[in-house]
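# Residue-level structural notes
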Amino acid sequence: AVDSIAILDPVSGIKVKAGGTTTFTVMVKDQFGNGMAGEKIQPSITGSDDNNYSATATLATVTTGAAGTATWSLTDAAAVAGTDNVTFTTINGAKTVSRTLTYVTTLPVVATLRTFYNRDATTTSSGSWTLVPSTGIYDTNSAKLTTTIARNYSRSLSGLGAADGDDMVGYRVECLTSAGASATGAAVVVTAGTGGYIVGADNLKATSRTFSCSGGYVYFVG
């Protein structure tokens, strides 16, 4: 049975260029956390004052593929600063998820990036963070981190990686404008190196993920 629907992309908080096209990726899961194929999803724009709202138009449904995901694109026809409140509803089970797009005429630009880390991947934003050294990240005994072989990558990785010397590390990336202010709303793309991965929006392995700069930082686990 359909248990949930989630928006994997774009992430909440990203600002969008007025007049541009935004592609959504949504995922439908069953009660066991598995992606569900062949599920129809109805997109809608719900705010009467939104850029692209229509009281008469009915948007076409999309259907999930083998991985349980479906994509849907929205072009800002108004091409002015404003918002769109987009809702996705499953035909089966009537599960819903929403995201607000904020359109701006000038996108925020990141001028500088600095990366910090904590070997405890469960560290919160208020925790202690250390600037990543040029020599790389090692454990407290200056030994290489140990790759965990017996990890089920088909299951959620949320909450794992608290050990000091394991291979899951928490990261905090500082994202500032040329004026040294937070580049709030800027999209920051994180891509894993060869053989590595980051924890995706669905808490499974991913090779790339887009984050929104908020408060001057983005956070992820790799």
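Preceding block: the structure.
The structure contained in this document is the topic of the report that follows. Computed from a predicted model, the values in this text were never measured in an experiment.

Moving on, we get to the overall build of the protein. The helix and strand inventory of the protein stands at 0 helices and 16 strands. Expressed as a percentage of the 222 residues in the protein, the buried residues total 38%. Within the protein, contacts between residues separated by at least 24 positions form 64% of all contacts whose residues are at least 6 apart in sequence. Per element, the accessible surface of the protein, about 11,400 Å² overall, is 51% carbon and sulfur. Across the protein, 14 positive and 15 negative side-chain charges occur, with their mean positions spaced 4 Å apart.

The subject of this paragraph is the state of the cysteines. Enumeration over the complete set of coordinates arrives at 1 disulfide. A sulfur-sulfur separation of 2.2 Å characterises the disulfide bridge that pairs C175 with C213. Disulfide C175-C213: the torsion about the S-S bond is 100°, which places it as right-handed. Separated by 38 residues along the polypeptide, C175 in strand β11 (residues 170-176) and C213 in the loop between β15 (208-212) and β16 (217-221) bring together distant segments of the chain. Under the relative-accessibility criterion, C175 is labelled buried at 0%.

Let's shift gears to the pairing of strand β8 (residues 96-104). Within a regular beta strand, the side chains point alternately toward one face of the sheet and then the other, so they alternate between its two faces. Sheet topology note: the strand β2 (residues 15-17)/β8 ladder contains 3 bridges and is parallel. Residue pairing across strands places K15 opposite T102, the latter belonging to β8. Sheet topology places strand β7 (residues 82-90) next to β8; 8 bridges connect them, and they run antiparallel. Pairing of T83 across the sheet is with T102, part of β8. With antiparallel pairing between neighbouring strands as the criterion, β7 and β8 make up a hairpin whose turn holds 5 residues, including G93 at a positive phi of roughly 85°.

This paragraph deals with the nonpolar core. Counting residues in each nonpolar core, the largest one holds 20 residues, and the members touching the most others are F24, I41, W72, L74 and F88. Not counting residues up to four positions away in its chain, the partners in contact with W72 are T22, T23, F24, P43, L59, A60, V62, V86 and F88.

In this section: the packing of aromatic side chains. Under the defined criterion, the tally for this structure stands at 8 aromatic pairs. Ring-pair connections join several aromatic residues into one group, and the members of that group are F24, W72 and F88. One residue, R172, lies across the ring of F116, its end atom 5.3 Å from the ring centre. For the cation-ring pair, R172 lies above Y217, with the distance from its terminal atom to the ring centre recorded as 4.2 Å.

Within the element layout of this structure, T123 appears in the loop between β9 (112-118) and β10 (130-131). A polar side-chain atom of T123 sits 3.3 Å from a polar atom in the side chain of N118. In terms of polar contacts, T123 uses its side chain to reach the backbone carbonyl oxygen of D120, at 2.7 Å. When neighbours within four sequence positions are excluded, T123 is seen to be in contact with N118, S128 and W129.

This next bit is on the pairing of β11. Counting buried positions along β11 yields 7 of 7 residues, so the element is predominantly enclosed. Here β11 shows no split at all, with G170, R172, E174 and L176 on one side and Y171, V173 and C175 on the other all buried. The sheet contact formed by β9 and β11 spans 7 bridges and is antiparallel. Each residue of the ladder has a partner; that of F116, found in β11, is R172. For β11 and β16, the ladder comprises 5 bridges, and the chain directions are antiparallel. Counted as the bridge partner of R172 is Y219 from β16.

Rules behind the numbers
- Residues numbered from 1 in each chain as written.
- Predicted model: local features only at pLDDT ≥ 70, side-chain atom pairs only at ≥ 80, totals over all residues.
- Heavy atoms only, no water.
- Helix = DSSP H or I, 4+ residues; strand = E, 2+ residues; numbered from the N terminus.
- Buried < 20%, exposed > 50% of the residue type's maximum accessible area, 1.4 Å probe, protein only.
- Contact = heavy atoms within 4.5 Å.
- Areas by Shrake-Rupley, 256 points an atom, 1.4 Å probe, with all protein chains shown as cover.
- Lys, Arg positive; Asp, Glu negative; His and termini not counted.
- Charge placed at Lys NZ, Arg CZ, Asp CG, Glu CD.
- Disulfide = S-S within 2.5 Å.
- Pairing = 2+ DSSP bridges.
- Core = buried A, V, L, I, M, F, W, Y, C linked by side-chain atoms within 4.5 Å.
- Phe/Tyr/Trp six-rings, centres within 6.5 Å; stacked < 30°, edge-to-face > 60°.
- Lys NZ or Arg CZ within 6 Å of the ring centre and 35° of its normal.
- Polar contact = N/O pair within 3.5 Å; in protein donor to acceptor, adjacent residues only side chain to side chain.

These figures capture arrangement, not role.
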